[in-house]
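Fold and contact review
Given next are the chains, with one letter for each unit.
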Amino acid sequence: MSWDWDYTFAILPELLQHFVQYTLVATVLGIAVAATLGLAFAIVRQLRIPVLSQLTTAFIEFIRSTPLLIQLFFLFYALPGMGITLAPMTAGVIGLGVHYACYCADVYRSGIDAVPKGQWEATVALQLPPHVTWGRVILPQAVRNVLPALGNYAIAMFKETPFLALITVPELLRTARTIGGDTYEYLEPLTLAGLIFLAASYPTALLLRRMERRLKPAG
């Protein structure tokens, strides 16, 4: 089997379009959900709010102990039986976001724990209100400490977007397989899909390594 360059250039625009429209958008939105929800989980657990803290911990452990694919299937295929119907992309973003939020929560927790004890004592001595303590003192230091780790989860999420094909999202890999099925030529579309993933993730990984060398934990 030889490489067909005409075929390659003919299918490349469609692959790039679906990469940007579905794979990239799902990753960006999923990261936004994971980062925001993970931070909320971490704060609730740190504040040890009765009942809510225990429920949050139980939810995190449940999500982390079950496969992402089952969670996606539940959101897309099981919820309609309960009267809740989600669009494929919506279910995919929620599934990815919630799944990785449960991992990001522990990353944030480690960042919060790394903030020097003296910073906490200073906020108490100055009688700062909780929203100022968290928003101006603790979280800026905690997030700075964990940015590389959060970036690694973002890359991991990006590489798991092909799971969305199983709930009918026409992301990059699904598009490559569809093109291959239509033409009976899989070499070019699957190779291009792999190269597109590589071209997007490898520079990001290098950037994260540089950030990890430059950012030092507080204290």
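All values derive from a computational prediction rather than experimental measurement. (Residues numbered from 1 in each chain as written. Predicted model: local features only at pLDDT ≥ 70, side-chain atom pairs only at ≥ 80, totals over all residues. Heavy atoms only, no water.)

The helix and strand tally for the protein chain stands at eight helices and zero strands. The order of α-helices and β-strands along the protein chain, N terminus first, is α-α-α-α-α-α-α-α. Projected onto its principal axes, the C-alpha positions of the protein chain cover 70 × 45 × 25 Å. Considering the protein chain as a whole, with its 219 residues, one finds that 38% of them fall into the buried category. Looking at the protein chain alone, contacts between residues at least 24 apart form 78% of all its contacts between residues at least 6 apart. Counting only carbon and sulfur atoms, one obtains 66% of the accessible surface of the protein chain, whose full area is about 12,200 Å². Each charge sign in the protein chain was given a centre, from 15 positive and 13 negative side chains, and these centres are 18 Å apart. (Helix = DSSP H or I, 4+ residues; strand = E, 2+ residues; numbered from the N terminus. Buried < 20%, exposed > 50% of the residue type's maximum accessible area, 1.4 Å probe, protein only. Contact = heavy atoms within 4.5 Å. Areas by Shrake-Rupley, 256 points an atom, 1.4 Å probe, with all protein chains shown as cover. Lys, Arg positive; Asp, Glu negative; His and termini not counted. Charge placed at Lys NZ, Arg CZ, Asp CG, Glu CD.)

The subject of this paragraph is the packing of aromatic side chains. Enumeration according to the criterion identifies 10 aromatic pairs in this entry. Both rings, one in Phe76 and one in Tyr77, keep their centres 4.8 Å apart while their planes meet at 80°; by these two values the pair is edge-to-face. The buried category is assigned to Phe76, whose relative accessible area is 14%. On the accessibility criterion, Tyr77 (46% relative accessible area) is partly exposed. In this structure an aromatic cluster arises from ring pairing among Trp3, Trp5 and Phe9. (Phe/Tyr/Trp six-rings, centres within 6.5 Å; stacked < 30°, edge-to-face > 60°.)

Right, let's get into the UniProt feature "transmembrane region" (unreviewed entry) in the protein chain. In this numbering, the UniProt entry assigns the feature "transmembrane region" (unreviewed entry) to residues 20–44 and 190–208. Between the end C-alpha atoms of residues 190–208 there is a gap of 27 Å, over a span that is 100% helix and 0% strand. (UniProt positions renumbered as here; feature names shortened; annotations may be inferred.)

When the UniProt feature table is mapped onto this chain numbering, "domain: ABC transmembrane type-1" (unreviewed entry) sits at residues 20–208. Helix makes up 80% of residues 20–208 and strand 0%, and the two end C-alpha atoms of the span are 22 Å apart.

A separate point is the nonpolar core. Of all hydrophobic cores here, the largest spans 37 residues; its most connected members are Leu164 and Ile167. Mapped by element, the contributors of at least two residues to this core are helix 1 (5–47), helix 2 (52–64), helix 3 (68–78), helix 4 (88–114) and helix 6 (130–159). At 13 residues, helix 4 tops the list of elements feeding residues into this core. Leave out the neighbours within four places in its chain, and Leu164 touches Ala26, Leu72, Gly92, Leu96, Val169 and Glu171. Judged by nonpolar contacts, the second largest core, of 12 residues, contains Tyr7, Leu15, Phe158 and Ala193. (Core = buried A, V, L, I, M, F, W, Y, C linked by side-chain atoms within 4.5 Å.)

By the element assignment, Thr161 lies in the loop between helix 6 and helix 7 (172–183). Not counting residues within four places of it along the chain, the set of residues in contact with Thr161 comprises Thr23, Thr27, Leu96, Glu171 and Phe197.

Under the counting rule described, the total for this entry stands at four salt bridges. Asp106 serves as the salt-bridge partner of Arg45, at 3.4 Å between the closest nitrogen and oxygen. With a gap of 61 residues between them, Arg45 in helix 1 and Asp106 in helix 4 connect regions that are remote in the sequence. Judged by relative accessible area, Arg45 falls into the partly exposed class, the value being 21%. Here Arg64 ties to Asp106 by a salt bridge, and the two come within 2.3 Å at their closest N and O atoms. Residue Arg64 is located in helix 2, and its partner Asp106 is located in helix 4; the two are separated by 42 residues in the primary sequence. Here the salt bridges do not stand alone but share partners, grouping Arg45, Arg64, Asp106, Arg109 and Asp113 into one network. (Salt bridge = Lys/Arg side-chain N within 4 Å of Asp/Glu carboxyl O.)

What follows covers the side chain of Ser53. With respect to the helices, strands and loops of the structure, Ser53 is situated in helix 2. A relative accessible area of 10% means that Ser53 is categorised as buried. The residues touching Ser53, leaving out its near neighbours within four places in the chain, are Val44, Arg45 and Arg48.

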